[in-house]
Amino acid sequence: MPAQIIDGNAVADRIVAELAAEVAKLKAAGRGPLLVAVQVGENAASRVYIKNQKESCEKIGISYRLDELPATTTQADLAAHIGKLNADPRVTGVILQMPLPEGLDPRAAQRAIGFEKDIEGMHPANMGRVVYGDAAQAPCTAHGAYLLARSLELPPSHDPLPEFAKRVIAAGKTTAGLYGKNVVVVGHSEIVGKPLALLFLDSFCTVSVCHIATKNLAEMARQADILCVAVGKPGLIKAEMIKPGAAVIDIGINRVPDIGPDGKQLLNKKGKPAMKTVGDVDYEKACAVAGWITPVPGGVGPMTVAMLLKNVVEAARAARG
Ligand code: NAP
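Residues numbered from 1 in each chain as written. Predicted model: local features only at pLDDT ≥ 70, side-chain atom pairs only at ≥ 80, totals over all residues. Heavy atoms only, no water.

Draft legend 1. Main features of the environment of Val313. Relative to the elements of secondary structure, Val313 occurs in helix H11 (residues 300-319). Among the residues examined, Val313 registers a relative accessible area of 1% and is labelled buried. As for Val313 and Leu19, which are separated by 294 residues in sequence, their C-alpha atoms are 7.2 Å apart. Not counting chain neighbours up to four residues away, the residues in contact with Val313 comprise Leu19, Glu22, Val23, Leu26 and Ile62. (Helix = DSSP H or I, 4+ residues; strand = E, 2+ residues; numbered from the N terminus. Buried < 20%, exposed > 50% of the residue type's maximum accessible area, 1.4 Å probe, protein only. Contact = heavy atoms within 4.5 Å.)

Structural data, given as structure tokens:
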């Protein structure tokens, strides 16, 4: 049977609708969230992100402000500006637009944002909270990918469920579908692979993490009931590396030439060579083996946006008491 396609937009829409209701409550109590985006210098790509961020926020009632700093901003200037935002009680969230102009250290700038206002979940304190089982401000893509897997009605690995499983399910730590599953995460980056592995571990999954030095990737991947891939290499995961019936969460985003049936690259509306977006999994063939699979685009991407909004709301809720 072909894989069920996991509709990331539908899951994200449900989460965003709940967030809209939460924002309305916060605003009614005079405690509405304000997200401030900081942009240093000019960058065409981040203009698009900013426009999308603003639209996503305003759609659910989150106030959004863009602070534009000149390209000549020094590391100290940027830290001082972020320091002012940290100290301003009206500001509940801060997001730094990347890339920064050459010469500025993005990691140092990112860490200048107080962990309470770090809505990307990248501050060491927020990463640390994930270790302690608190995903309130977890890294967005990892949290989105995890919740997408959690939204599936996977058959339980244990039948009947042990008493301990029933207790942790009742406590909301996991689900009958996740409890005891073998999860393989391919990619060990700080913002995706590592936190994603921790989120599954905390749900009582047995987690393996693969990376560039993993010798037997195909063998490891085939052990997975839930296979998550976050590498950035199109076609890395082939159909024969997937256990029949597994859930496949493809986090990769790659731009590749769009090839027609005649083997030639198609042309776009402007008559230029067409490109398309694909993940890290050989999607068409994987659909014949997997039980569930995320499309790219339309899988993890919308969940990342939803988690960003969730973090804005969580930060506002925490800040406003
Ligand atoms: P990254 O920092 O470049 O990390 C890639 C990871 O893959 C690294 O841990 C790397 O290991 C590992 N790797 C490289 N080659 C490998 C191989 N042949 N086999 C196994 N592992 C290998 O990238 P990232 O930020 O985590 O992002 C990963 C992908 O997700 C990218 O395509 C990115 O565009 C996409 N992404 C999507 C979203 C979304 O919203 N859907 C959000 C963020 C990122 P080493 O470091 O040891 O080389």
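That was the structure; now back to the text.
Draft legend 2. Just the packing of aromatic side chains, in detail. For the structure shown, the criterion picks out 4 aromatic pairs. Taken together, a centroid distance of 5.4 Å and an interplanar angle of 70° make the contact between Tyr146 and Phe200 edge-to-face. Here Phe200 lies in helix H8 (residues 193-201) and Tyr146 lies in helix H6 (residues 140-150), a separation of 54 residues in the sequence. Measuring from centroid to centroid gives 6.0 Å for Tyr179 and Phe204, while their planes differ by 35°, and the two rings are tilted. Highlighted residues: Tyr179 in the loop between helix H7 (163-170) and strand S5 (182-186) and Phe204 in the loop between H8 and strand S6 (206-210), separated in sequence by 25 residues. Assessed through its relative accessible area of 10%, Tyr179 is described here as buried. Overall, the relative accessible area of 30% leaves Phe204 in the partly exposed class. Linked through ring pairs, Phe164, Tyr179 and Phe204 together constitute an aromatic cluster. (Phe/Tyr/Trp six-rings, centres within 6.5 Å; stacked < 30°, edge-to-face > 60°.)

Draft legend 3. How the structure looks around the sheet that holds strand S4 (residues 93-96). Ordered in space as S3-S2-S4, the 3 strands form an open sheet in which the pairing is parallel. In this open sheet, the two strands that pair with only one neighbour each are strand S3 (63-69) and S4. Each neighbouring strand pair of the sheet contributes to a mean axis angle of 20°, computed without reference to strand direction. Of the pairings in the sheet, the one linking strand S2 (residues 34-40) to S4 comprises 4 bridges and is parallel in character. Bridging across to S4, Val36 finds its partner in Val94. Strand contacts of helix H2 (residues 44-59): S2, S3 and S4, with the helix running at about 155° to S3, the strand carrying the most contacts. (Pairing = 2+ DSSP bridges. Axes fitted to C-alpha atoms, helices over the stretch in contact; angles between N-to-C directions.)

Draft legend 4. Broad picture of the packing of H6 against H8. Here H6 crosses H8 at 35°, and the two axes come no closer than 8 Å. As H6 runs across H8, the sense of the crossing is right-handed. Seen from H6, the contacting residues are Ala142, His143, Ala145, Tyr146 and Ala149; seen from H8, they are Pro195, Leu196, Leu199 and Phe200. Partitioning the contact of H6 with H8 into residue classes produces 8 nonpolar, 1 polar and no charged. (Left-handed = near helix turned anticlockwise from the far one by under 90°. Nonpolar A, V, L, I, M, F, W, Y, C, P; charged D, E, K, R; others polar.)

Draft legend 5. Examining the site of the ligand more closely. The environment of the ligand is made up of 20 residues, and the closest members are His188, Ser189, Ile212, Ile253 and Thr304. Taking His188, its side chain carries an N or O atom lying 2.8 Å from an oxygen atom of the ligand. Taking 930 Å² as the accessible area of the ligand by itself, protein coverage stands at 69%. Here the element with the most residues in the shell around the ligand is H11; it accounts for 3 residues. Here the shell around the ligand is composed, by residue class, of 10 nonpolar, 9 polar and 1 charged. (Near = heavy atom within 4 Å. Polar contact = N/O pair within 3.5 Å; in protein donor to acceptor, adjacent residues only side chain to side chain. Areas by Shrake-Rupley, 256 points an atom, 1.4 Å probe, with all protein chains shown as cover.)

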